[in-house]
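Examining the three-dimensional arrangement
Each chain, written out:
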Amino acid sequence: MKNNIQNYLARVSLPQAEVSLRFIQELQNTHLATFPFSNLGVLLQENHSLELQVLFDRVVMNKRGGYCFEQNKIFFEVLKYLGFQCDIALGRVLHNRNIDVPRTHRITRVALADSNYIVDVGFGPLCPREPLCLLLDKPQNQGDYVYRIIQPALGPYLLQIKEVDGWFTLYSFDDGFYTEADCLCGHHFSSTHPDATFVNNLVVSLKSYDDVRFLRNSEFHRVRGGKTQISKVSSDGNLGMILMQEFGIHLTSHQLSTLYDGYCQ
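Okay, so let's go over this structure. Given the structure is predicted, the values throughout are model-derived calculations rather than measurements.

In this section: empty space enclosed by the protein. Applying the stated criterion across every chain, the model contains 2 cavities of 30 Å³ or more. If you add up the space inside the largest cavity, you get close to 60 Å³. If you trace the largest cavity, you find it lined by Leu32, Phe35, Pro36, Phe37, Gln71, Val121, Gly124, Ser205, Leu206 and Lys207. The leading source of residues in the lining of the largest cavity is strand E10 (residues 203-208), at 3 residues. Partitioning the lining of the largest cavity into residue classes produces 6 nonpolar, 3 polar and 1 charged. Of the volumes computed, that of the second largest cavity is approximately 50 Å³. Contributing to the lining of the second largest cavity are Ser38, Leu40, Gly41, Glu46, His48, Arg58, Arg64, Gly65, Gly66 and Glu70. Tallied by class, residues from the lining of the second largest cavity come to 1 nonpolar, 5 polar and 4 charged.

What follows is the structure, given as structure tokens:
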């Protein structure tokens, strides 16, 4: 485990670790800008194990990216190793809808200096870049995006992002006790169920301050300064160029053809 953590910290190139809010802020920002959020492993039917060594090799060393059950597990293990008090939390992805869906989103709850924080590095282009304090109804401005956490009628918490026409609910979560076994269930659904988003769409993103790169099926989005540029994926070669230049992901010609024919045309 120590070697995995050292390799991870070498990739993010941060100074000496410390148990502080400032360190988590820097680590979360750097993680989101370094390790692509992606479901390539699902679509290419690769080994999608959540076993720690396989996970660190796939996401950190081989730069293949991953989604919430991969990214947030790595981040959880790093924080725990460095001495942070953290727990697993699971959420239901809502996207502003009142629907019944399974718990398919993993996040991390961190207790620090008498406050509780939600830490998430696995929600793609809408992911918070910094920890969110678990204070209800308090807008938390991260410079480029504003978030808040509410709890209607003492039910589940709702994480919301502020948009032009109001607050948009991203996902719900609660104070329940969850283990890695619970994550395996959500991971299995997300990677195999015929109706799951990640089984039916190509999704890749990187996020840093005021700069979001986001590939969804046949469209590549670049969001900067509140403006979005959209370009179409025109061929498997063009897809390979986008993945390599924008996300640092290298795929074989066969893999690119599989993705382009299945999700970009």
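Continuing now.
This paragraph deals with the sheet that holds strand E4 (residues 115-119). Two strands in a sheet stick together by hydrogen bonds in their backbones, pointing the same way (parallel) or opposite ways (antiparallel). Reading across the sheet, the 8 strands line up as E5-E4-E3-E2-E9-E8-E7-E6 and stay open at both edges, with antiparallel pairing between neighbours. At either margin of the open sheet sits one strand with a lone partner, and together these are strand E5 (132-133) and strand E6 (140-141). One ladder, built from 7 bridges, connects strand E8 (residues 157-163) with strand E9 (residues 166-173); its direction is antiparallel. By the bridge assignment for E9, leucine 158 is matched with serine 172. Running over the sheet, helix H5 (residues 68-81) touches strand E2 (85-93), strand E3 (105-112) and E4 and is turned about 20° from E3.

The rules behind the values
- Residues numbered from 1 in each chain as written.
- Predicted model: local features only at pLDDT ≥ 70, side-chain atom pairs only at ≥ 80, totals over all residues.
- Heavy atoms only, no water.
- 1 Å grid on protein atoms, 1.4 Å probe; cavity = no way out; pocket = protein on both sides within 12 Å on 5 of 7 lines; lining within 4 Å.
- Points joined across faces, edges and corners; volume = space filled by probe spheres on them.
- Helix = DSSP H or I, 4+ residues; strand = E, 2+ residues; numbered from the N terminus.
- Nonpolar A, V, L, I, M, F, W, Y, C, P; charged D, E, K, R; others polar.
- Pairing = 2+ DSSP bridges.
- Contact = heavy atoms within 4.5 Å.
- Axes fitted to C-alpha atoms, helices over the stretch in contact; angles between N-to-C directions.

The values are spatial; any link to function lies outside them.
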